[in-house]
Amino acid sequence: MQETEKMHLRTINSHKNVKRKFKGQTWKKIRQNWELYIFIAPAFFYFLIFSYGPMYGIQIAFKNYIPSKGYFGSEWVGFDHFIRFFNSYYFWDLLWNTLSISLYELAIGFPIPIILALAFNEVKDGFFKRLVQTVTYAPHFISVVVMAGMIITFLSPSNGMIIHAIEGLGFSAPQFLTSPGWFKTMYVFSGVWQSAGWGTIIYLAALSGVDPGLHEAAIIDGASRFQRVRHINIPTLIPTMTILLILNMGGLLSVGFEKILLLQNSLNMSSSDVISTFVYRSGLVDAQYSFSTAVGLFNSIVNCILLITVNQIVRRTSENSLW
């Protein structure tokens, strides 16, 4: 019995010594690299204050929050707000609109920057290449409000430039702004036009790391341009494509509500109302703070689960995962 106690005490003391040694080494590394810690301190405190600090307010999703009573005075209601949202008649409509817009945008918007990058990489004329790149990524710098105004102006039934062009060709112009069937296409393609050029820069940066010797060897072996793109350039882009795909899947339900809200009207509401716009109306317009927080928390949890799941799938099949 005494031997057992002695062994137990030795184990405890050994663990304590390991902890002291680890703490000592940690503080030693911090003192040796204090400049680096000061360098990252602004970013650390930014995320701590503005990203992690507000998470304290998530608790109102489980309360009947009344501003006059504050966090601690409001009554706990558990999962009542979540149950109310899941049982509501608009739950499946909101989920379908959000998923359909996100998947539509992913299917159209994800491959286009890759295609553009591969095309730009094959262009040898420096002036023409720079001109086309500038034209394609310039829309990225247009604000969402201005972009929505341009869309409304171009697609206006009365004096829209695109509407007049379609009618001038002898066709009947669709009601882009008021037809629920056209809203998602209008939203997705306007987003692709605005962001495709900017996304191309990421893939061009990856392609710049391709060893020219690989192309020279392929040319000597008789490989065509298409074969070199297929067997050299595309494999080089796969790690970047994988990381961006994981990040896009992690934000599948986070459809940006700014442009949707600006283009939304009573006629296209059936296809334009998504979770983020619903949270905005419930929380800021109708002052249902607890209910809107619960809906937003549900949205964030689903995104987090998707991000972790997709990352784990990629991790099991390749070495290009986030972590």
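All residue numbers refer to positions counted from 1 along the written sequence of the respective chain. In view of the model being predicted, local features appear only for residues whose pLDDT reaches at least 70, and side-chain atom pairs are presented and counted only at 80 or more, with totals across whole chains, interfaces and linings using the full set of residues. Hydrogens are left out, water is left out, and the side-chain values use all remaining heavy atoms of the structure.

### Focus on the environment of A119
Phase 1: Residue position: A119 is located in helix α6 (residues 111–122).
Phase 2: For the pair formed by A119 and S51, sequence separation is 68 residues and the distance between their alpha carbons is 39 Å. Counting from the N terminus, the helices are the DSSP runs of H or I reaching at least four residues and the strands are the DSSP runs of E reaching at least two.

### Re the UniProt feature "domain: ABC transmembrane type-1" (unreviewed entry) in the protein chain
Phase 1: UniProt positions are given in the numbering used here, feature names are shortened, and annotations may be inferred rather than shown by experiment. Within the UniProt annotation, "domain: ABC transmembrane type-1" (unreviewed entry) is assigned to residues 95–310.
Phase 2: With 76% helix and 0% strand, the stretch residues 95–310 has end C-alpha atoms that lie 20 Å from each other.

### What to know about the domain arrangement of the protein chain
Phase 1: An automatic or database domain assignment provides the domain bounds reported here. Per the domain assignment, the segments making up the protein chain are domain 1 (1–76) and domain 2 (80–317).
Phase 2: For domain 1 versus domain 2, the distance between C-alpha centres works out to 37 Å.
Phase 3: Taken over both partners, the interface formed by domain 1 and domain 2 buries close to 600 Å², and the fraction arising from carbon and sulfur atoms is 73%.
Phase 4: Any carboxyl oxygen of Asp or Glu that lies within 4 Å of a side-chain nitrogen of Lys or Arg is treated as forming a salt bridge with it. In this structure, the connection of domain 1 to domain 2 is made through zero salt bridges. By convention, the term buried area covers the 1.4 Å-probe accessible surface removed from two parts as they join, with the contributions of both added.

### Structural notes on the pattern of salt bridges
A pair can form between side chains of opposite charge whenever their charged atoms are brought close.
Phase 1: Per the stated rule, a full pass over the model turns up two salt bridges.
Phase 2: Across the pair E122 and R225 runs a salt bridge whose closest N-O atoms are separated by 3.4 Å. One end of the pair, E122, is in helix α6; the other, R225, is in helix α12 (residues 225–250), with 103 residues separating them in the sequence.

### Some words on the environment of P139
Phase 1: For P139, the location among the structural elements is in the loop between α7 (126–137) and α8 (144–154).
Phase 2: When accessible area is computed with a 1.4 Å probe and restricted to protein chains, residues below 20% of their type maximum are described as buried, those above 50% as exposed, and intermediate ones as partly exposed. Residue P139 is classed as buried on the basis of its relative accessible area, which comes to 5%.
Phase 3: Here the alpha-carbon distance between P139 and W193, two residues 54 residues apart in the chain, equals 7.2 Å.

### With respect to the side chain of Q194
Phase 1: Secondary-structure assignment places Q194 in helix α10 (residues 180–207).
Phase 2: Note on definitions: a residue-residue contact is assigned when non-hydrogen atoms from the two residues lie within 4.5 Å. With residues up to four places along the chain from it excluded, the contact list for Q194 reads P139, H140, I142, S143 and M147.

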